[in-house]
Amino acid sequence: MAAGLAREGFDLIIDARDAVALDAAAGALRAAGAAAQRPGSTVAVTAVPGDITDPAHRAALLAAAAAAGRLDLLVNNAGTLGASPLPALADYPPDELRAAFEANVIAPIALTQLALPLLRASGGAVLNITSDAAVEAYAGWGGYGAAKAALEQASNVLAAEEPTLRVWWADPGDLRTDMHQLAFPGEDISDRPEPSSVVPAFVRLVTQRLPSGRYRAAHLMPSEPVTS
Ligand SMILES: NC(=O)c1ccc[n+]([C@@H]2O[C@H](COP(=O)([O-])OP(=O)(O)OC[C@H]3O[C@@H](n4cnc5c(N)ncnc54)[C@H](OP(=O)(O)O)[C@@H]3O)[C@@H](O)[C@H]2O)c1
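These numbers come from a predicted model, not from an experiment.

Taken as a whole, the second largest pocket encloses approximately 180 Å³ of empty space. Lining the second largest pocket are Pro 108, Ile 109, Thr 112, Gln 113, Leu 116, Asn 128, Leu 151, Ala 154, Ser 155, Val 157, Leu 158 and Glu 161. Put simply, the parts of the chain that give the lining of the second largest pocket at least two residues each are α4 (94-122) and α5 (142-161). Split into classes, the residues belonging to the lining of the second largest pocket amount to seven nonpolar, four polar and one charged.

So this is what it looks like as structure tokens:
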């Protein structure tokens, strides 16, 4: 997603807890952005390592946005699966449930609160990455799914409260990532698509400034008529 936005010319502020991996990603994003722009133009990429559940880290992200002078898009993508292997709700350790809600619901809402003044000033947008587990009843997915459902309804209400912004909440579909492997420990997940496969869908959502609402990446691919 960050690479797709860099290719569109977006300056980026990116975060993750692993500072070394984040720094490497920032270098690759600068190169991807520069390659797609006119010769001589650059894409600014600011890496702010930290944990999104930490209020000081959220403040640091907003300070970086304020220093940049504007904020057009906030993407709340960082999340956690919660307990793994996925336990039934009957056995879900409450502390792990609380941690899943902290990362998947409280942190993105708290970051959005901080970002709203800058987003309102630019008529910007919020993209919250959710999941089909928010709306489907998959056994074992109750903790993660309940947290994603809470993020979806918070997004829905935010869209009603902030009509000058765009607020999107979107299911990327199954993707070949570390989190997906955690959900299916020991399974071969090589048949799942790479995360890069859904980038055109999310770039379309952002660049066409589609109406606020819930979207599925599969229905946003450039070849598809837009449906939510
Ligand atoms: N993969 C799927 O099949 C799938 C399906 C539906 C929805 N989703 C959603 O898509 C989003 C991305 O999932 P993914 O599969 O790419 O997960 P992932 O493989 O676990 O990657 C998560 C990314 O977020 C960062 N991150 C995680 N926790 C963080 C925290 N507390 N603070 C800051 N950064 C944090 C991670 O970097 P660090 O570890 O360095 O922090 C990593 O870059 C999530 O919201 C997920 O729920 C994924």
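The next thing to look at is the environment of Val 167. Inspection of the secondary structure assignment puts Val 167 in strand β5 (residues 166-171). As for Val 167 and Asp 72, which are separated by 95 residues in sequence, their C-alpha atoms are 12 Å apart. Setting aside its immediate chain neighbours within four residues, Val 167 contacts Val 126, Ser 155, Leu 158, Ala 159, Ser 212 and Gly 213.

Our next topic: the pairing of strand β4 (residues 125-129). With five of five residues buried, β4 is to be regarded as a mostly interior element. In β4, alternate side chains face the same way, and those of Ala 125, Leu 127 and Ile 129 on one face and Val 126 and Asn 128 on the other are all buried. Across four bridges, strand β3 (residues 73-76) lies against β4 in parallel orientation. Counted as the bridge partner of Asn 76 is Asn 128 from β4. In terms of handedness, the path from β3 via α4 over to β4 forms a crossover that is right-handed. In this sheet, β5 lies alongside β4 in parallel orientation, the contact comprising five bridges. Each bridged residue has a counterpart across the sheet, and for Val 126 the counterpart in β5 is Val 167. Taking the sense of rotation as the criterion, the β-α-β connection linking β4, α5 and β5 turns out right-handed.

Looking now at helix α3 (residues 55-68). Along an α-helix, a turn takes 3.6 residues, which lines up residues three or four apart on a common side. Taking 1.5 Å of rise per residue, 14 residues should cover 20 Å, and α3 covers 20 Å from first to last C-alpha, within 8% of that figure. Regarding α3, the residues found buried are His 57, Arg 58, Leu 61, Leu 62, Ala 64 and Ala 65. All buried residues of α3 lie within an arc of 150 degrees about the axis, which places them on one face of the element. Exposed side chains of α3 directed beyond 90 degrees from the buried face belong to Pro 55, Ala 56 and Ala 67. Elements in contact with the buried residues of α3: β1 (12-14), β2 (45-47) and α4.

Moving on: the pattern of salt bridges. All told, the structure shown has seven salt bridges when counted by the stated rule. Between Arg 120 and Glu 162 there is a salt bridge whose closest N-O contact spans 2.7 Å. Placement of Arg 120 in helix α4 and of Glu 162 in the loop between α5 and β5 is noted, with a sequence separation of 42 residues between them. The exposure class assigned to Arg 120 is partly exposed, which follows from its relative accessible area of 44%. Shared partners join several salt bridges into a network, and the residues in it are Glu 187, Asp 191 and Arg 192.

About the thresholds
Residues numbered from 1 in each chain as written. Predicted model: local features only at pLDDT ≥ 70, side-chain atom pairs only at ≥ 80, totals over all residues. Heavy atoms only, no water. 1 Å grid on protein atoms, 1.4 Å probe; cavity = no way out; pocket = protein on both sides within 12 Å on 5 of 7 lines; lining within 4 Å. Points joined across faces, edges and corners; volume = space filled by probe spheres on them. Helix = DSSP H or I, 4+ residues; strand = E, 2+ residues; numbered from the N terminus. Nonpolar A, V, L, I, M, F, W, Y, C, P; charged D, E, K, R; others polar. Contact = heavy atoms within 4.5 Å. Buried < 20%, exposed > 50% of the residue type's maximum accessible area, 1.4 Å probe, protein only. Pairing = 2+ DSSP bridges. Right-handed = clockwise from strand over helix to strand, strands pointing away. Expected span 1.5 Å × (residues − 1). Arc of directions from axis to C-beta. Salt bridge = Lys/Arg side-chain N within 4 Å of Asp/Glu carboxyl O.

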